[in-house]
Amino acid sequence: NAKGEVFFTDIPNSRIHKVELDGKVSVFAENTGKANGLMFGTDGRLFAAANGVKQIVAYDEGGKKTVIASDIESNDLCVALNGNIYVSDPTHQQVWLIKPNGEKSVVDKNGKDGITFPNGVRLTPDQSLLLVADARGQFVWSYHIQPDGTLTAKQRYHHLRIPDGVMESGADGMTCDTKGRLYVCTRLGIQFCDQAGRVNGII
């Protein structure tokens, strides 16, 4: 959050934990519906993909929960500066858009040649591109974001490294730094990529 506290999920036990500035770990929220992906919005709320109850929810600073959308399967999410939320739905091989008014729609549905298992989702720092990791493939895909929030120009972009004899990167959680470099958790470690889509190294 803005204070520098770190939040992480304990999915099996339906909890969100907080690491405070002094290093103390506490339980921020319980009965989270097996919340997985997290991200803070510009309003300071912590948004969560609560797939155990098929909801997208938001927590205020005190841990009070508000349901943002229901009847939606999810793994990860990201929140744009304009309030739009993009959600990965690996079960149905699709990506959702939830607008600030709660309206939801599928903005990418993958067919035979699409993303096999959409997992991590993140926006580039300038908010022009949506990046979606394919845990069962070798690429992070990119999309241009249109003014209405819909997606165009879908393409395989970041070409991840994979272990010998394996066809899946295991790409999961992602983040971007202020210079637009992408960091992706994979089977080989945390791969970091430049804006041109090249892996520059593995941590």
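In this text, all values refer to a predicted model and were calculated from it rather than measured experimentally.

Enquirer: I would appreciate a short explanation of the environment of Gly 170 in the present structure.
Expert: One can find Gly 170 in the loop between strand E15 (151–159) and strand E16 (174–176). For Gly 170, a relative accessible area of 23% translates into the label partly exposed. In this structure, the C-alpha to C-alpha distance between Gly 170 and Arg 136, residues 34 residues apart in sequence, is 6.1 Å. Beyond its immediate stretch of four places on either side in the chain, Gly 170 contacts Ala 135, Cys 185, Thr 186 and Arg 187.

Enquirer: Sorry if this is basic, but what is going on with the layout of surface pockets here?
Expert: Reported here for the largest pocket is a volume of approximately 800 Å³. Surrounding the largest pocket, 31 residues form its lining, Phe 7, Leu 38, Met 39, Phe 40 and Leu 46 being those nearest its centre. Going through the elements one at a time, strand E1 (6–10), strand E4 (35–40), strand E12 (118–123), E16 and strand E17 (182–186) are the ones with two or more residues in the lining of the largest pocket. Here the element with the most residues in the lining of the largest pocket is E4; it accounts for five residues. Of the residues contributing to the lining of the largest pocket, the split by class is 13 nonpolar, ten polar and eight charged. Of the pockets and cavities examined, the second largest pocket occupies roughly 300 Å³. If you trace the second largest pocket, you find 16 residues lining it, with Met 39, Leu 123, Thr 124, Pro 125 and Gln 127 closest to the centre. Sorting the residues of the lining of the second largest pocket by element identifies E4, E12 and E16 as the ones contributing at least two each. A per-class count over the lining of the second largest pocket returns eight nonpolar, six polar and two charged.

Enquirer: In this structure, what is going on with the pattern of salt bridges? I would like to understand it.
Expert: Oppositely charged side chains can form a pair if their charged atoms are brought close together. Inspection of the entire model under this criterion finds eight salt bridges. A salt bridge links Glu 61 to Lys 3; its shortest N-O distance comes to 2.7 Å. Here Glu 61, found in the loop between strand E6 (55–59) and strand E7 (65–70), pairs with Lys 3, found in the segment before E1; they are 58 residues apart in sequence, far enough to count as distant. Here the two residues Glu 61 and Lys 3 agree in accessibility, since each one is exposed.

Enquirer: Just checking my understanding: could you explain the environment of Asp 60 for this structure?
Expert: Following the sequence through the fold, Asp 60 ends up in the loop between E6 and E7. For the pair Asp 60 and Pro 12, spaced 48 residues apart in sequence, the C-alpha to C-alpha distance is 22 Å. Only 2.8 Å separates the side chain of Asp 60 from the backbone nitrogen of Lys 64, close enough to count as a polar contact.

Enquirer: When you look at the sheet that holds E12 in this model, what are you seeing that I'm missing?
Expert: Sheet strands pair via backbone hydrogen bonds, and the direction of the pair is either parallel or antiparallel. The four strands lie next to each other as E12-E13-E14-E15, forming an open sheet whose pairing is antiparallel. A single partner strand is all that each edge strand has here, and the edge strands are E12 and E15. Each neighbouring strand pair of the sheet contributes to a mean axis angle of 25°, computed without reference to strand direction. With six bridges connecting them, strand E14 (residues 139–145) and E15 associate as antiparallel partners. For Val 140, the partnering residue across the bridge sits in E15 and is His 158.

Reading guide: rules and limits
Residues numbered from 1 in each chain as written. Predicted model: local features only at pLDDT ≥ 70, side-chain atom pairs only at ≥ 80, totals over all residues. Heavy atoms only, no water. Helix = DSSP H or I, 4+ residues; strand = E, 2+ residues; numbered from the N terminus. Buried < 20%, exposed > 50% of the residue type's maximum accessible area, 1.4 Å probe, protein only. Contact = heavy atoms within 4.5 Å. 1 Å grid on protein atoms, 1.4 Å probe; cavity = no way out; pocket = protein on both sides within 12 Å on 5 of 7 lines; lining within 4 Å. Points joined across faces, edges and corners; volume = space filled by probe spheres on them. Nonpolar A, V, L, I, M, F, W, Y, C, P; charged D, E, K, R; others polar. Salt bridge = Lys/Arg side-chain N within 4 Å of Asp/Glu carboxyl O. Polar contact = N/O pair within 3.5 Å; in protein donor to acceptor, adjacent residues only side chain to side chain. Pairing = 2+ DSSP bridges. Axes fitted to C-alpha atoms, helices over the stretch in contact; angles between N-to-C directions.

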